[in-house]
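Summary of the model geometry
What follows is the residue order along each chain.
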Amino acid sequence: RTFDGLAGVDEDLCDVARGLRIRSMSMRDATRPEKLWQDSDWDAATMWELEKVAVLPKEILDCDHVARALEFSSERAIADLRLVQRMVMLGEEVETMTFEFGFVIPGSTNTWEQTIVSAPKGSVIPAHLLSGNLVAESTFFSGKRRLGTTRVRIVYE
């Protein structure tokens, strides 16, 4: 049986993917403790299949470093969790970032914080051009084996 959204993976990976759930995500200026954005509405049943929309404050584009906290849980052990995030604007990849987490304990809930370095001042695309046209495609891997991909369309206000 193939898990929807994960065509081409074996049943064991399907079980791992079914048990991997994003519980919440937040972003803040890495130099300040206040959150600029948070979303706890991640549907485990559709996160691998449907595109999600995230409405972020345009001020986040002014940050030199953005700290992103991803809270997730996993029913199964994951040997070497990593995430490859592609930023796609109007169908064209504009940036790729790779993040390494490592071993995930079965039955655990974890917080994974990543720091994202922004483009130099003056080279950041304005919010009004990015808004609704930028999609973050985050592919999760167990080692070299693909678990699934989430897609989040970003809207700036």
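For the structure, see preceding data.
In this report, the structure presented in the accompanying data block is examined. (Residues numbered from 1 in each chain as written. Predicted model: local features only at pLDDT ≥ 70, side-chain atom pairs only at ≥ 80, totals over all residues. Heavy atoms only, no water.)

Here the focus is the overall build of the protein chain. Across its full length, the protein chain carries two helices and nine strands. Element order for the protein chain, N to C, with α for helix and β for strand: α-β-β-β-β-β-β-β-α-β-β. Rg of the C-alpha trace for the protein chain: 16 Å, near the compact-globule value of 15 Å for 157 residues, within the 12% margin. Projected onto its principal axes, the C-alpha positions of the protein chain cover 45 × 35 × 25 Å. Scored against the burial criterion, the 157 residues of the protein chain give a buried share of 46%. Considering only residue pairs separated by 6 or more positions, the protein chain has 66% of its internal contacts joining residues 24 or more positions apart. Here the protein chain has roughly 8400 Å² of accessible surface; of this, 51% comes from carbon and sulfur atoms. Separation between the mean location of the 19 positive side-chain charges and that of the 25 negative ones in the protein chain comes to 2 Å. (Helix = DSSP H or I, 4+ residues; strand = E, 2+ residues; numbered from the N terminus. Rg over C-alpha atoms; globule rule 2.2 N^0.38 Å. Buried < 20%, exposed > 50% of the residue type's maximum accessible area, 1.4 Å probe, protein only. Contact = heavy atoms within 4.5 Å. Areas by Shrake-Rupley, 256 points an atom, 1.4 Å probe, with all protein chains shown as cover. Lys, Arg positive; Asp, Glu negative; His and termini not counted. Charge placed at Lys NZ, Arg CZ, Asp CG, Glu CD.)

Before going further, it helps to spend a moment on the nonpolar core. Ranked by internal contacts, the top residues of the largest apolar core, which has 38 residues, are L56, L81, F140, L147 and Y156. Looking at this core element by element, the count peaks at five residues for strand β5 (residues 78-89). Among residues more than four places away in sequence, those in contact with F140 are L20, I22, W48, L70, L81, R82, L83, R145, R146, L147, G148 and T150. (Core = buried A, V, L, I, M, F, W, Y, C linked by side-chain atoms within 4.5 Å.)

With respect to topology, five strands assemble into an open sheet ordered β3-β9-β8-β5-β6, the strand pairing being mixed. Each edge of the sheet is formed by a strand with only one pairing partner; in this case those strands are β3 (51-56) and β6 (92-104). Within the sheet, the average angular offset between the axes of one strand and its neighbour, ignoring direction, is 25°. Relative to strand β8 (residues 134-142), β5 runs antiparallel, the two being bridged by nine bridges. Considered in β8, the bridge of V84 is made with T139. Relative to strand β9 (residues 145-156), helix α1 (residues 11-19) is tilted by about 35°, and along the sheet it contacts β5, β8 and β9. (Pairing = 2+ DSSP bridges. Axes fitted to C-alpha atoms, helices over the stretch in contact; angles between N-to-C directions.)

Our focus in this paragraph is the sheet that holds strand β1 (residues 20-29). Across the sheet, which stays open at both edges, the four strands sit in the order β2-β1-β4-β7 with antiparallel pairing between neighbours. Both outer strands of the open sheet, β2 (35-39) and β7 (108-117), are each paired with one neighbouring strand and no more. Averaged over neighbouring strand pairs, the angle between their axes works out to 15° when direction is ignored. The sheet contact formed by strand β4 (residues 65-74) and β7 spans 10 bridges and is antiparallel. In the strand pairing of β7, A67 is matched with T115.

Secondary-structure assignment places P33 in the loop between β1 and β2. Here the alpha-carbon distance between P33 and G91, two residues 58 residues apart in the chain, equals 34 Å.

Relative to the helices and strands, L13 is located in helix α1. As a C-alpha pair, L13 and Q114 span 101 residues in sequence and 25 Å in three-dimensional space. Discounting residues that sit within four places of it in the chain, L13 has contacts with S142, R145, R146 and L147.

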